[in-house]
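Per-entry structural report
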Amino acid sequence: MHRSKLVLSFLAMLALASAAGESSAQTFSTLASFQLADGFHTEGGVTVIGSTLYGVTHNGGANNAGTFFSVPTGGGAPTVLGTFTTAAGEYSQSDLIVSGSTFYGASAGGGANGDGTVYSVPMSGGAPTALASFNGTDGTGPAGSLLLVGSTLYGMTNSGGASNDGTIFSVPATGGTPTVLASFNGTNGADTHGAASLTLVGSTLYGMTYSGGTYGAGNIFSIPLTGGTITNLFSFDGTYPNYPHGASPEGGLTLVGATLYGMTPTGGAYGDGTIFSIPVSGGTPTVLASFDGANGQYPLAGLTLRGSTLYGTTELGGLNGEGAIFSIPLSGGTITDLYSFDQMYSYPQSDLTLSADGSTLYGTAFQGGTNNLGSVFALTLPTPEPSSIVLCVLGAIALGATALRRIMSQAA
């Protein structure tokens, strides 16, 4: 029995010693800087496939309508895989979503009517193809990233629709006329700005608008996947500039269990934005933290989950006022500035993409980089996270105890 306890103590000490040897700091690196020919001003994030990152630029390229590019995860010059045209769509600001060997995205302008498109582009490269062109009645200026459910793409537009306050739409992945699932009318939300995107929970879509709602400061809403009535789950409240829960959200919502997490670029305790959570059933959001400038200011994207920690970017603030990458516990608390951008007008606006092994976050900056035309960056995180270390220690002890009990039992 004494020998069993001694070995178990040794196992615990060994696991803790191993954990103590893990890296406790993150490492930032610029993977690529854009030149005019590569395209410039990246507003969307990157999609990681194997050892390659894929994304789009808002401007530049042969037609100054943006480009479709790739960058190795280890860094290197961007490779232009496709160039946007007015016909296919221009000024894309969305993340790319992938199905098989095809990427899908949305462009704010261009298309047959100049009101934006939903497009596809082969992963191997080639000219983007317009799958659908908006005409104002079905929406204008699709914003943010698309959501693929089965063989159907879902998204939102900034304006257009029945009240010119924007629409929620669907388009077959093979292409076709957009179907308007609902139109915003101000009361149920208006203007799905910037990186706004939809989140699917069961058979219900969730999202946020930049303005509209009860107080004109935006709202959180839901709608059935099949379309119908937009339900206002919460209107960001208060009066300018005092919005206790935040105001004018521009990003998407992140689902964890039965709770949605998001950010606002303004409002909160210091007027610099908030991080909040809200049940999928709606109600008053819980403010997990308020940005104060030093820890970031004006977040425009969504949050990325790793373990029990949320990660994100702010366009402004941080130590140099040029934007920041931050983390916060899922339960809320202190916002930790992991990296402050130090190049003039870096303005990171994108969601962060987590690598398959959970070791690295990838993102883009609207400007900055060698040529101040934007960049792709990586933030390597400590591995494993503290919570994972604890689990490993407890697991090792439990396994050791089970094995020793068997040995002692057999010996007896």
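Residues numbered from 1 in each chain as written. Predicted model: local features only at pLDDT ≥ 70, side-chain atom pairs only at ≥ 80, totals over all residues. Heavy atoms only, no water.

**What about the overall build of the protein chain?**
A tally of regular secondary structure across the protein chain gives two helices and 29 strands. The buried share among the 412 residues of the protein chain stands at 56%. Accessible area for the protein chain stands at about 16,100 Å²; split by element, carbon and sulfur atoms hold 55% of it. (Helix = DSSP H or I, 4+ residues; strand = E, 2+ residues; numbered from the N terminus. Buried < 20%, exposed > 50% of the residue type's maximum accessible area, 1.4 Å probe, protein only. Areas by Shrake-Rupley, 256 points an atom, 1.4 Å probe, with all protein chains shown as cover.)

**So, the confidence of the model for the protein chain**
Residue-level pLDDT values for the protein chain average 89, and 87% of them are 70 or greater. Low pLDDT, under 50, characterises residues 1–23; the stretch is placed with 17 contacts to residues that sit more than four places away or in other chains. A low-confidence stretch, residues 385–394 (pLDDT under 50), is modelled with 11 contacts involving residues beyond four sequence positions or located in other chains. (pLDDT = per-residue confidence, 0-100. Contact = heavy atoms within 4.5 Å.)

**Description of the side chain of Thr167**
As for its placement among the helices and strands, Thr167 is situated in strand E13 (residues 167–172). Of the polar contacts made by the side chain of Thr167, one reaches the backbone oxygen of Asp138; its length is 3.0 Å. Side-chain polar atoms of Thr167 contact the side chain of Thr157, separated by 2.9 Å. Excluding anything up to four places from it in sequence, Thr167 contacts Asp138, Gly139, Gly155, Met156, Thr157, Ser159, Gly160, Gly161, Val180, Ala182, Ser183 and Phe184. (Polar contact = N/O pair within 3.5 Å; in protein donor to acceptor, adjacent residues only side chain to side chain.)

**Here's the deal with the sheet that holds strand E3 (residues 52–56)**
Pairing within the open sheet is antiparallel, and its four strands lie in the order E2-E3-E4-E5. Edge strands, defined here as strands with exactly one partner in the open sheet, are strand E2 (47–49) and strand E5 (79–83). Strand after strand, the sheet turns through a mean of 25° between neighbouring axes, direction not considered. Pairing between E2 and E3: three bridges, direction antiparallel. Along E3, the bridge assignment pairs Val48 with Leu53. (Pairing = 2+ DSSP bridges. Axes fitted to C-alpha atoms, helices over the stretch in contact; angles between N-to-C directions.)

**Digging into the environment of Asp292**
In this fold, Asp292 is placed in the loop between strand E22 (286–290) and strand E23 (304–306). Judged by its relative accessible area of 35%, Asp292 is partly exposed. Separated by 19 residues in the primary sequence, Asp292 and Gly273 place their C-alpha atoms 7.9 Å from one another. A polar contact of 3.1 Å, which involves the side chain of Asp292, links it to the backbone nitrogen of Ala294.

**Side note on the packing of aromatic side chains**
If you walk through the whole model with that rule in mind, you get 15 aromatic pairs. On the basis of an interplanar angle of 70° and a centroid distance of 4.8 Å, the ring pair of Phe134 and Phe169 is categorised as edge-to-face. Of the two residues, Phe134 is situated in the loop between strand E10 (129–133) and strand E11 (140–149) and Phe169 in strand E13; the sequence distance between them amounts to 35 residues. In this structure, Phe134 and Phe169 share a single accessibility class: buried. (Phe/Tyr/Trp six-rings, centres within 6.5 Å; stacked < 30°, edge-to-face > 60°.)

**Notes on the pairing of strand E24 (residues 309–314)**
Across the six residues of E24, six count as buried, placing the element largely inside the fold. Here E24 shows a buried face lined by Thr309, Tyr311 and Thr313 and a second buried face lined by Leu310, Gly312 and Thr314. A loop of two residues connects E23 with E24, the two strands running antiparallel in sequence, and Gly307 in this loop sits at a positive phi of about 65°. Both E24 and strand E25 (residues 324–329) contribute to a ladder of six bridges, which runs antiparallel.

**Things to note about the sheet that holds strand E18 (residues 231–235)**
Taken in spatial order, the four strands line up as E15-E16-E17-E18 in an open sheet, and their pairing is antiparallel. Each of the sheet's edge strands pairs with one partner strand only, and the pair in question is strand E15 (199–201) and E18. Sheet twist, expressed as the mean angle between neighbouring strand axes with direction ignored, is 25°. Looking at chain direction, strand E17 (residues 219–224) and E18 are connected through four bridges and run antiparallel. Pairing of Asn219 across the sheet is with Ser235, part of E18.

**Here we look at the pairing of E13**
Of all the six residues making up E13, five are buried; the element is thus mostly covered by neighbouring parts of the structure. With five bridges joining them, strand E12 (residues 152–159) and E13 adopt antiparallel strand pairing. Paired with Leu153 across the strands is Val171, a residue of E13. The pairing of E13 with strand E14 (residues 179–183) spans four bridges and is classified as antiparallel. Bridged to Ile168 within E14 is Ala182. Linking E13 to E14, which pair antiparallel, is a turn of six residues; within it Gly175 sits at a positive phi near 105°.

**Here's the deal with the environment of Ala143**
Checked against the element boundaries, Ala143 lands in strand E11. For the pair Ala143 and Gly194, spaced 51 residues apart in the sequence, the C-alpha separation amounts to 5.7 Å. In contact with Ala143, other than residues within four places in its own chain, are Gln93, Met156, Thr157, Asn158, Thr192, His193, Gly194 and Ala196.

**What to know about the side chain of Asp95**
Structurally, the position occupied by Asp95 is in the loop between strand E6 (90–92) and strand E7 (97–99). Of the side chains with opposite charge, Arg306 comes closest to the buried, unpaired Asp95, at an N-O distance of 18 Å. Looking at Asp95, its side chain comes within polar contact range of the main-chain nitrogen of Gly45, at 2.5 Å. (Lys, Arg positive; Asp, Glu negative; His and termini not counted. Salt bridge = Lys/Arg side-chain N within 4 Å of Asp/Glu carboxyl O.)

**Here's the deal with unusual backbone geometry**
In the segment running from Tyr240 into Pro241, the intervening peptide bond is cis, with an omega of -5°. Residue position: Pro241 is located in the loop between E18 and strand E19 (254–256). In the Ramachandran plot, His41 falls in the positive-phi region, its phi being about 65° despite a non-glycine side chain. Mapped onto the elements, His41 comes out in the loop between strand E1 (27–33) and E2. One non-glycine residue, Asp191, lies in positive phi territory at about 65°. With respect to the helices and strands, the residue Asp191 is situated in the loop between E14 and E15.

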